[in-house]
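Below are the chains, spelled out letter by letter.
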Amino acid sequence: MTTAAYIHIPFCHHICHYCDFNKVFLKNQPVDQYIEQLAQEMKMRVSKSDQPFTSIFVGGGTPTALSAAQLEQLCVSIKETLSFNEEIEYTFEANPGDLSMDKIKILKDHGVNRLSFGVQSFNDELLEKIGRNHRAIDVKRSIEDAQIAGFTNISIDLIYSLPTQTLKDFEHTIDHALALDLPHYSGYSLIVEPKTVFYNLLRKGKLPLPGEDIEASMYELLMEKMEAHGRKQYEISNFARPGYESKHNLVYWDNDEYYGFGGGAHGYVNGIRYSNIGPVKKYMDSIYAGQLPTMHEHPVTKNEKMEEEMFLGLRKIEGVSLSRFKERFDLSVQDLFGESIAEMTSKGWLETKDDRMRLTKQGRYLGNEVFQSFIGVI
């Protein structure tokens, strides 16, 4: 039974230069109606059952860009539609500076117990260059307010390999992040996606990126500093104190199923991966007409499931369980992917120990090449 859900809120006060997610400027958008139709979609997709949800993640866009009244409306509709208890990991993404004490209290009162802040950098000049509308001081204030309200499970996202960013600057950002003494950190290298401001600048030769060598040094520094401060790397880009690993993200990396609700959201239920209509009006029109807002469905074949089990599972530092794979598919990893395993192992990027196949430390730098080796070979 599917007990994880991702809920998409596509509204932002400001569009960042690197972002290619489904999002629109908040001003003059039908936010109240969107929340109402989102509740309808949840009711259409989920029958209330005795099995409570174990993970709900509300992302965007910027969920905390909603007004306090809209945030309350959203939380009430989630609570009325999705069964969960205090054991759940219930996360809201937040933008530093957007989260007033009123909004924090609303989230806390409705059972939200984890906040994920999109911080990206502690360099104000760099934040401005990448199109963020918060500053370093806003991060400190928002986290202090959340802690005063009783939130203990807080994560922040960082991005490295940003335009003009130096290794020293990224070290400054990591040090500021660790000084907050939070239980969870995520660090991602910049990917320049089509249809973004950065993509257009890159095509014009006006995006001064640090380069692959500096990017690798930044990743190495991130891993070293997190380890030194007791944040164990449990996935290529994620670090946590023991017990604070993101349950929701582990659903993805364990290749388990989850609902996706909202405009442009993706889900994976009953062996079918689906994506929703993205544009807000078209998404709502579909639900107004009594139809699910599904844009595309793909029944995942057994071969695809086995490939996904490998390239998603290898993102985890503990890697893929060989016995779990055999139990799921009644086939051996070695029999299916022997040639790929031999090649990646000979390069020093993959290792097998006891019941686990995992990336070596060197392999973490070249994860995409390892993952690619398991696609289209069966």
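Rules of the game
Positions within a chain are numbered from 1, following the residues in the order the chain's sequence is written. pLDDT decides what is reported in this predicted model: residues at 70 or higher carry local features, side-chain atom pairs at 80 or more are listed and counted, and totals for whole chains, interfaces and linings draw on all residues regardless. Computation of side-chain values: all heavy atoms of the structure, hydrogens and water removed. Paired strands are those between which DSSP finds at least two bridges. By definition, any uninterrupted DSSP run of H or I lasting at least four residues is a helix, any uninterrupted run of E lasting at least two residues is a strand, and each is numbered from the N terminus. Helix axes are fitted only over the stretch in contact, all axes being lines through C-alpha atoms; the angle between N-to-C directions runs from 0 to 180 degrees. Residues count as neighbours in contact if any of their non-hydrogen atoms are within 4.5 Å of one another. Buriedness of a pocket was judged along seven lines, with at least five required to meet protein on both sides within 12 Å; pockets are open sets of points on a 1 Å grid over the protein atoms alone, cavities are sets where a 1.4 Å probe fits but cannot get out, and lining residues have an atom within 4 Å of a point. Grid points are joined across faces, edges and corners, and a volume is the space filled by probe spheres set on the points. Basically, the charged four are Asp, Glu, Lys and Arg, the nonpolar ten are Ala, Val, Leu, Ile, Met, Phe, Trp, Tyr, Cys and Pro, and anything else, Gly included, counts as polar. To count as a disulfide, a pair of cysteine sulfur atoms needs to be within 2.5 Å. Only protein chains enter the accessibility calculation, which uses a 1.4 Å probe. A residue is then buried if its area is under 20% of the maximum for its type, exposed if over 50%, and partly exposed in between.

Read from one edge to the other, the open sheet built from 9 strands follows the order β9-β10-β8-β7-β6-β5-β4-β1-β11, with strand pairing classed as mixed. Looking at which strands have only one partner, the edges of the open sheet turn out to be β9 (232-235) and β11 (259-261). Ignoring which end each strand starts from, the neighbouring axes of this sheet average 20° apart. Direction of pairing for strand β5 (residues 89-94) relative to strand β6 (residues 114-120): parallel, over a ladder of 4 bridges. Looking at β6, one finds that T91 is bridged to R114. Lying on the sheet, helix α1 (residues 31-45) is in contact with β1 (4-9) and β11; it crosses β11 at an angle near 155°. Contacts between helix α6 (residues 167-179) and the sheet are confined to β6, β7 (153-160) and β8 (184-189), with β7 contributing the most and set at about 180° to the helix.

Let us look at the layout of surface pockets. The computed volume of the second largest pocket comes to approximately 260 Å³. Y234, L250, K316, E318 and R356 are the residues nearest the centre of the second largest pocket, which is lined by 17 residues in total. Looking at the lining of the second largest pocket, the elements with two or more residues in it are β9, α9 (247-253), α11 (302-313) and β15 (320-321). Residue contributions to the lining of the second largest pocket peak at 3 residues, all from β9. For the lining of the second largest pocket, the residue count by class is 5 nonpolar, 4 polar and 8 charged.

Let us look at the state of the cysteines. With the rule as written, the count across this model stands at 0 disulfides. Free of any disulfide, C75 has its nearest cysteine sulfur in C12, 17 Å distant.

In this section: unusual backbone geometry. Backbone geometry at Q120 places phi at a positive 70°, although glycine is not the residue there. The topology assignment puts Q120 in strand β6. Classification of Q120 as buried rests on a relative accessible area of 7%. Unusually for a residue other than glycine, N270 sits at a positive phi of about 50°. Mapped onto the elements of the fold, N270 is located in the loop between β12 (266-269) and β13 (272-276). Overall, N270 belongs to the exposed group, its relative accessible area being 67%.

Another point: the sheet that holds strand β14 (residues 294-299). The strand order across the open sheet built from 3 strands is β12-β13-β14, with neighbouring strands paired in antiparallel fashion. A strand with exactly one partner marks an edge of an open sheet, and here the two such strands are β12 and β14. Direction aside, neighbouring strands of the sheet carry axes that sit 20° apart on average. Here 5 bridges tie β13 to β14, and the two strands are oriented antiparallel to one another. When the bridges of β14 are listed, I272 appears paired with P299.

Turning our eyes to something else, we now look at the environment of Q29. Topologically, Q29 is positioned in the loop between β3 (24-25) and α1. For the pair formed by Q29 and K281, sequence separation is 252 residues and the distance between their alpha carbons is 9.4 Å. Those residues within four positions of Q29 in sequence are excluded, and the remaining contacts are F11, V24 and V280.

Everything listed here is a matter of coordinates, which is why it stays silent on function.
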